[in-house]
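# Analysis of the macromolecular model
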Amino acid sequence: MEVIVLRELTDGEANLLQVLFPHLAGLTLSEVEDLGESVKIIARTGPGPRECRGCDRPAARVHDRYRRRLRDLSCAGRPVQVELEVRRFICDNPECSVATFAEQVDGLTARQQRRTTGLRSLLERVALALAGRAGARLAGAIGAVVAQSTLIRLVRAMPDPEIGSVKVLGVDDWAKRRGHSYASVLVDMDDHRVIDILPDREAGTLADWLRAHPGVEVICRDRSGSYAFGAREGAPDAQQVADRWHMWDDLGECVQKTVAAHHRCVKDHYAALQQALAAAAPDPEHAAEQETADHIENRARVLRTRQLYQQVQDLKADGKTVTAIQRELRLAKGTARRYFHAASVEEVTAGLLAGWPSKLDDYKPYLHQRWNDGCTNITQLHREITEQGFRGGYTTVYAYLAPFKGKTAPPATPAPPKIRHISSWIRRRPDNLDPDEQVKLKEVRAACPDLDALRSHVEEFAKILTGRHGDRLDGWIAAIRAKDLPHLHTFANGLERDHAAVVAGLTLPYSSGAVEGKVCKIKFLKRLMFGRANYDLLRKMALLN
């Protein structure tokens, strides 16, 4: 390619070039070369002494001159190279360890760098936003061709931000590798800034960090016992605040377990409704359904579950721990704990006895109505419910409607609501339930007094939570103790073990919402750098973004 060399710049042209490239102000611009795909600017530094980098004394003796070739910010999409003539000075201070040093231009050059300060700053921002591969593509599009590994090295070379004084600290864990290793993120709750990331979630690590950074007055955390112990050891005078969302989530798990334990009451209610409908309109299919229910009640898996539950309870009565029972019966950890803490055998067999839900459950009333209206074309009925959202096949609809041929379909019996649906209705605000859900919840509460009491207790706790009435917590716990709801008793035990932090969480305005948001950001960064996101790189990205 032909190289075009322009004449030496006049003063006016040099001033115009310095307007276009303000970071070159103070340099003497001599020539500009158009290389076709790039531009080269030739310049030299001005006269005068420079301060020694070793002793900061001015030095005036020039040892020699040499040219540095620096990649600069692109201009109109074309890369720019600055060929800068700099001087090497001799330091006259006999006590200085530096004999000679090269002058640096503020805002343009740095020691042992082949990029200008502006270009390096741009590449650092690109690397923090997009990491390696995507960042390299963007940098190439704006005229700063760079390898993805170079961007990663730039991020690793950046210094950690200053932590400063922290009064309100938020802490939570996140998975480096789910199920294997975890780390902790620390957030300054005043400005929602990630200030540090710890390599694990152990109490000792958090305590050491708090001792090294005194002055923390409030610590927002989840219900983790390790964080509670670490905060107590590292900052004994700090006020610990348990997060309200985690309280509500823990209560939700207890609600679901309680609903599972009393789901038999709901199923019995719907079974009685089905028998009443069958008595009013006898149907030969009812006997088949009853036979299927009896088969589910006595099938082999249910019998094995009952036998295993009895074995666990016998070993528990002998004084053995969960770990010992798990090892002796060769059970999974979660299974052993569930069977160990279950109040009755119905609690562990509730899911098995419920059977597999049918895809037609939500469409049976419509099918019965259309059949009795005279539409007995099963293909047509399958097409209609498919348009309404049914995702099953034709054979499912045919197998259900075939016994009705030549006669009137019986009244459709609604299927018992699922455990997760009842748990959701109990936890939600009444005005957030549609009319159909309100009717079903009313039926559930009428069918089981324990679930009715559960709904009342959950509603009261929601008022304490949203209104931040921590002074009413003890009364709520006392009301829980008066009812036979063992899973809520377990929840209350946890609240009492962490009583001070729970009361503070239900009273003070602090929460861990900002920390949860930062955890989501870290997860995004981890996926952004999939395959290259080692802990040190991910830590840098989280701290500097």
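Structure: see above.
A few points on the structure. (Residues numbered from 1 in each chain as written. Predicted model: local features only at pLDDT ≥ 70, side-chain atom pairs only at ≥ 80, totals over all residues. Heavy atoms only, no water.)

So, on to the overall build of the protein. The secondary structure content of the protein amounts to 24 helices and 13 strands. Buried positions account for 41% of the 545 residues belonging to the protein. Once local pairs closer than 6 in sequence are excluded, the contacts in the protein between residues at least 24 apart make up 59%. Taken as a whole, the protein presents about 29600 Å² of accessible surface, with 51% of it coming from carbon and sulfur. (Helix = DSSP H or I, 4+ residues; strand = E, 2+ residues; numbered from the N terminus. Buried < 20%, exposed > 50% of the residue type's maximum accessible area, 1.4 Å probe, protein only. Contact = heavy atoms within 4.5 Å. Areas by Shrake-Rupley, 256 points an atom, 1.4 Å probe, with all protein chains shown as cover.)

In this section: the sheet that holds strand 12 (residues 218–221). The mixed open sheet is built from 5 strands, whose spatial order is 11-10-9-12-13. Whereas interior strands pair on both sides, the edge strands pair on one side only; in this sheet they are strand 11 (193–198) and strand 13 (239–242). Here the strands of the sheet are splayed against their neighbours by 30 degrees on average, with no regard to which way each runs. Packing against the sheet, helix 5 (residues 203–212) makes contact with strand 9 (168–177), strand 10 (181–188), strand 11 and strand 12, and its axis sits at approximately 130 degrees to strand 11. (Pairing = 2+ DSSP bridges. Axes fitted to C-alpha atoms, helices over the stretch in contact; angles between N-to-C directions.)

What follows deals with the packing of helix 17 (residues 419–427) against helix 18 (residues 435–447). Helix 18 packs onto helix 17 with a crossing angle of 100 degrees between their chain directions and a minimal axis gap of 10 Å. By the criterion of interaxial angle, the relationship of helix 17 to helix 18 is roughly perpendicular. Judged by residue contacts, I422, W425 and I426 of helix 17 engage E437, K440, L441 and V444 from helix 18. (Parallel < 35°, antiparallel > 145°, perpendicular 65-115°, else oblique.)

This part covers the nonpolar core. Counting residues in hydrophobic clusters, the biggest one holds 37 residues, and the most contacted among them are L123, W174, V185, I197 and M541. Residue contacts for L123: discarding those within four places in its chain leaves R115, A139, A144, V146, L151 and L154. Counting residues in hydrophobic clusters, the runner-up holds 36 residues, among them M247, C448, A501 and L506. (Core = buried A, V, L, I, M, F, W, Y, C linked by side-chain atoms within 4.5 Å.)

Once that is clear, we can look at the pairing of strand 7 (residues 78–90). As judged from the 6 bridges shared by strand 3 (residues 39–44) and strand 7, these two strands associate in the parallel manner. Counted as the bridge partner of V39 is V80 from strand 7. With 11 bridges joining them, strand 6 (residues 62–75) and strand 7 adopt antiparallel strand pairing. Across the sheet, residue D72 finds its bridge partner in strand 7, namely V80. Where strand 6 folds back on strand 7, the antiparallel hairpin that results is connected by 2 residues, among which A76 adopts a positive phi of roughly 55 degrees. Of the strand pairs in this sheet, strand 7 and strand 8 (residues 100–102) are connected by 3 bridges, and their pairing is antiparallel. In the strand pairing of strand 8, I90 is matched with T100.

Moving on to helix 21 (residues 486–497). Along an α-helix, a turn takes 3.6 residues, which lines up residues three or four apart on a common side. Across its 12 residues, helix 21 extends 17 Å between first and last C-alpha, which sits within 8% of the 16 Å expected from 1.5 Å per residue. Those residues of helix 21 that sit buried are H487, L488, H489, F491, A492, G494 and L495. (Expected span 1.5 Å × (residues − 1).)

So, about the environment of N534. For N534, the position within the fold is in the loop between helix 23 (513–528) and helix 24 (535–544). Accessibility expressed as a relative area gives 48% for N534, which makes it partly exposed. In sequence terms N534 and K176 are 358 residues apart; their C-alpha atoms lie 8.9 Å from each other.

We now examine the pattern of salt bridges. Pairing between side chains of opposite charge can happen when their charged atoms approach one another. Summed over the entire model, instances satisfying the criterion amount to 28 salt bridges. Between R223 and D250 there is a salt bridge; the shortest N-O distance is 3.3 Å. Of the two residues, R223 is situated in the loop between strand 12 and helix 6 (225–234) and D250 in helix 7 (residues 244–261); the sequence distance between them amounts to 27 residues. Taking relative accessible area as the criterion, D250 reaches 24% and is therefore assigned partly exposed. Salt-bridge contacts for K320 lead to E328; the nearest nitrogen and oxygen are separated by 2.6 Å. Through salt bridges that share partners, K40, R67, R69 and E83 make up one connected network. (Salt bridge = Lys/Arg side-chain N within 4 Å of Asp/Glu carboxyl O.)

Our next topic: the packing of aromatic side chains. For the structure shown, the criterion picks out 6 aromatic pairs. Seen in terms of ring centroids, Y363 and F390 are 5.6 Å apart; in terms of plane orientation they differ by 75 degrees. Their pairing is edge-to-face. Residue Y363 is found in the loop between helix 13 (345–353) and helix 14 (364–372), and its partner F390 is found in the loop between helix 15 (378–387) and helix 16 (394–401); the two are separated by 27 residues along the sequence. Cluster of aromatic residues (ring-pair linked, three or more members): F461, W476 and F491. Against the face of Y535 rests K176, its NZ or CZ located 4.9 Å from the ring centre. Directly above the aromatic system of Y182 lies the positively charged group of R201, at a separation of 3.7 Å from the ring centroid. (Phe/Tyr/Trp six-rings, centres within 6.5 Å; stacked < 30°, edge-to-face > 60°. Lys NZ or Arg CZ within 6 Å of the ring centre and 35° of its normal.)

So, about the environment of A235. You can see A235 is positioned in the loop between helix 6 and strand 13. The class for A235 is buried, based on a relative accessible area of 12%. Along the sequence, A235 and V218 sit 17 residues apart, while their C-alpha atoms lie 9.4 Å from each other. Those residues in contact with A235, other than ones at most four positions away along the chain, are L210 and I219.

The subject of this paragraph is the packing of helix 11 (residues 322–329) against helix 12 (residues 333–341). The contact between helix 11 and helix 12 brings their axes to 9 Å, and the two run at 120 degrees. Comparing the axis directions of helix 11 and helix 12 gives the class oblique. The two elements helix 11 and helix 12 meet at a crossing, and its hand is right-handed. In contact with V322, I325 and Q326 of helix 11, helix 12 contributes K333, A336, R337, F340 and H341. (Left-handed = near helix turned anticlockwise from the far one by under 90°.)

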